[in-house]
Structures are given as structure tokens and as C-alpha cells.
Amino acid sequence: MKAIVHDRYGEADVLRLADVPKPVAQGKQVLVQVRAAGVDIGTWHLMAGRPYMVRLATGLRGPRQRIRGRDVAGVVEAVGPEVTRLRPGDEVYGTCDGSFAEYAVGAEKRLTRKPANLSFEEAAVVPISAGTAYEGLRSLHSGERALIIGAAGAVGSFAVQLAKARGAHVTGVCSTSKVELVRELGADKVIDYTREEIPAAAYEFVLDTAGNRSLKELRRALTPRGTLVIVGAETEGKLFGGIDRGLRAMLLSPFVGQRLSVLVSSENFQVYDALRELVEAGQVMPVIDRRYSLAEAPDAVRRLTETHARGKLVITV
Ligand SMILES: NC(=O)c1ccc[n+]([C@@H]2O[C@H](COP(=O)([O-])OP(=O)(O)OC[C@H]3O[C@@H](n4cnc5c(N)ncnc54)[C@H](OP(=O)(O)O)[C@@H]3O)[C@@H](O)[C@H]2O)c1
């Protein structure tokens, strides 16, 4: 089968289209015939092996898993002997290792039935980003004032819609060219960060996906007993990324009135089931910036890192 592989860490140029053996589903695994694969920044981290800490898990000398891509939507081709919820022919979405390929194998617990009202392309961009937004907003209450930083990005575009669905008063933060998009997503107010400051002590809830503000700046936006959820950190240190900022937030949280937390999304089918219901009820819709063919996957990853996409990028297989 065709797949996008790489043998060393680096930028998008390390990716190439190759013929590789079709994987086999074992145990609790599901073999999916891939129809579309979402492109997310996590793919870049795994491809680049950055921050370097990532390599402890993915391989010190080079990537152990050669096929890239994690978000997936497609049709179940075969299931392992211990799979109970899914069967061949099911249209599914979720995450797996190696979705930039004609076939990919994923754990049953990370896959579920795809929303009926979405195409495969639309469904493929939901799991990682919407799942992260969904879990990040779990402690947001109806009526609270929520600030979504990075509101036009992959996680942020879902977070704005999900926060509205939870009954919050939502303010989105983005750059000038994306103000209109964030309004269309349902934000009650939009702050263009190139022109306007975020007001102090104005929000009961802050979700930071942009990852480039200090902990002090983020806390300044919160009310004295507000909640901060950090999901992103892209700009600090090559070794640890922004992990140190998250660690400081967690260490400080027990000693201050504000609740400061870091989210690591669980990527499980219960979250994707909940998202399917919201999507089918029309409360959440993916925003697709651009579509690519499998062979164009390097261009998609390049666009992800060289510009900030509006919503999500997707590869049609
Ligand atoms: N914790 C987890 O489990 C998990 C899961 C998924 C993703 N993440 C992380 O979450 C972060 C966001 O991921 P993503 O896929 O949503 O990335 P993305 O699509 O690039 O979104 C980031 C957004 O931040 C905005 N931004 C940049 N500088 C800003 C600033 N100073 N103020 C406000 N907004 C600013 C960018 O938009 P503009 O063009 O408007 O600047 C962009 O839309 C990444 O760090 C990723 O690694 C974490």
C-alpha cells in the first residue's frame, strides 16, 4: 500500500510517499481503510522529533514508527479477535498511528462511529483537536465568561463552538484576518491580539492554545478564583518545549485561589462519541482550511508550520 513515511527526524522534506506492507489488525486493533486523515501539530512534533524530549518515546536515533498521521476517518476493513464494538464495513473516525496511508491500524478504544452528517474529510479533522477542546472545557460552567486564546486555530475553532454549546459567554483571541471567522464560529466578542490587550481579571475561564503567553499574563486575565487550562506550548525551548510553563502552573495551583492546569488529551472513543452527538445536533462543525492528496502530505505539514491555518488541514486518501 502507499504511505507517507520518514526515516529521520526533520522538517517536511523528510517525508516521502512509499510502498509499504499493509498492516494487520491484532488483538484489540482495528484495520481501517483510510478515506481521510487530519493534519495536526502533533504530526509535526513526531516528524521533527521536537522538543527533543519526544525522542525518548519515539526513538533516539530515528523514528521507530515510520508512517506519519494520527487523525483518521475511514471504513473498517478487518478487526482483531478481541474487538467487540466495531466490525468490517463500519464508517469510523478517531486516532491511530500512521493515518497518512491507504490503510492504518488503530486501537479499538480510540475509534468509533463517525458523525453521519459529516464527510470523511470533515470527520477526519475532528478527533484530536475537538477532543482536546472538549476535554479542556470540561470544567467550564454555563454563564461563565470564557476566553479562548488561539480561537481560529485547530483546537481553538472547536473550543469556541464547544464553549458556546456549554452556555458560556465566549471571547476569542486571534489575529486580524481571522476575526470574522471567530465571530462566525459564535464568539460573543473577539479580541484581535495585534491591536488590543486582553483585559485584566475579566474571565472565569481561560483556555490557552496559542502557547506563547507567560503564566503571569494568563493569570492576569483570570478572576481571582478563575480556571486556567493550558493545552498548547509551541515557542519555548527546543529540549522541553513549553512543558516547564505547564509544570510551574501545576506546582503553583495549590497555593493560589486560581485553578491552574495543563491538559493532556486522552484520545478515547467516549470523547469521540460525545463529539459525534454534538456534531449531529449541529452544535459543532469543523472548519477546513485546505485539502491535500496523500502525495501532497509534505505540503500540508509545511503549511501547518509556516503559516497559521484557519481551522484544520486534511488529506484525502
Ligand atoms: N494537550 C494536548 O493533548 C494537545 C492536543 C492537541 C494540541 N495541543 C497543542 O495545542 C496547541 C494548539 O494546537 P493547534 O493544533 O490548535 O494549533 P494551531 O492551529 O496552530 O492554533 C494555534 C493558534 O494560535 C494563534 N496564535 C498565535 N499567536 C497568538 C497570540 N499571541 N495570541 C493569540 N493567538 C495566537 C494562531 O492564530 P493567528 O494566526 O490568529 O495568530 C493559531 O490559530 C499546540 O501547542 C499543540 O501542540 C495539545
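This text goes with the structure placed above it.
No experiment lies behind these values; they were computed from the predicted model shown. The residue numbers shown here count from 1 along each chain, following its written sequence. This being a predicted model, a pLDDT of at least 70 is required before a residue's local features are given, and a value of 80 or more before pairs of side-chain atoms are given or counted; all residues contribute to the totals for chains, interfaces and linings. Water and hydrogen atoms play no part in the side-chain values, which are based on all heavy atoms of the structure.

Here's the deal with the pairing of strand β6 (residues 103–107)
Buried residues are those whose accessible area, probed at 1.4 Å on protein chains only, stays under 20% of the maximum for their type, while exposed residues exceed 50% and partly exposed ones sit between those limits. Only runs of H or I of at least four residues qualify as helices and only runs of E of at least two qualify as strands under DSSP, and these elements are numbered from the N terminus. Burial of β6 is extensive: four of the five residues sit out of reach of the surface. Pairing of strand β3 (residues 29–39) with β6, which is carried by five bridges, proceeds in the antiparallel orientation. Residue pairing in the sheet places Val30 in a bridge with Gly106 of β6. Two strands make a pair as long as DSSP finds a minimum of two bridges between them.

Looking at helix α5 (residues 154–165)
A helix is expected to span 1.5 Å for every residue after the first. Taking 1.5 Å per residue as the helical rise, α5 with its 12 residues ought to reach 16 Å, and the 17 Å between its terminal C-alpha atoms agrees with that figure. With respect to burial, α5 is a largely interior element, nine of its 12 residues being buried. Considered for burial, the residues of α5 that qualify are Val155, Gly156, Ser157, Phe158, Ala159, Val160, Gln161, Leu162 and Ala163. One or two positions beyond α5, positive phi appears at Gly167, with a value near 90°.

Here's the deal with the pattern of salt bridges
Note on definitions: salt bridges are taken to be side-chain nitrogens of Lys or Arg within 4 Å of carboxyl oxygens of Asp or Glu. According to the stated counting rule, one finds 18 salt bridges in the structure shown. Notably, a salt bridge pairs Asp7 with Arg66, separated by 2.8 Å at the nearest N-O pair. In this pair, Asp7 sits in the loop between β1 (2–5) and β2 (16–19) while Arg66 sits in the loop between α2 (55–58) and β4 (71–79), placing the two residues 59 residues apart along the sequence. Taking relative accessible area as the criterion, Asp7 reaches 44% and is therefore assigned partly exposed. Among the salt bridges present, the one from Glu204 reaches Arg145, with a minimum N-O distance of 2.5 Å. One end of the pair, Glu204, is in strand β11 (residues 203–208); the other, Arg145, is in strand β8 (residues 145–149), with 59 residues separating them in the sequence. Residue Glu204 is classed as partly exposed on the basis of its relative accessible area, which comes to 22%. Classification of Arg145 by relative accessible area gives partly exposed; the value is 35%. Three or more residues joined by partner-sharing salt bridges are found here, namely Asp7, Arg16 and Arg66.

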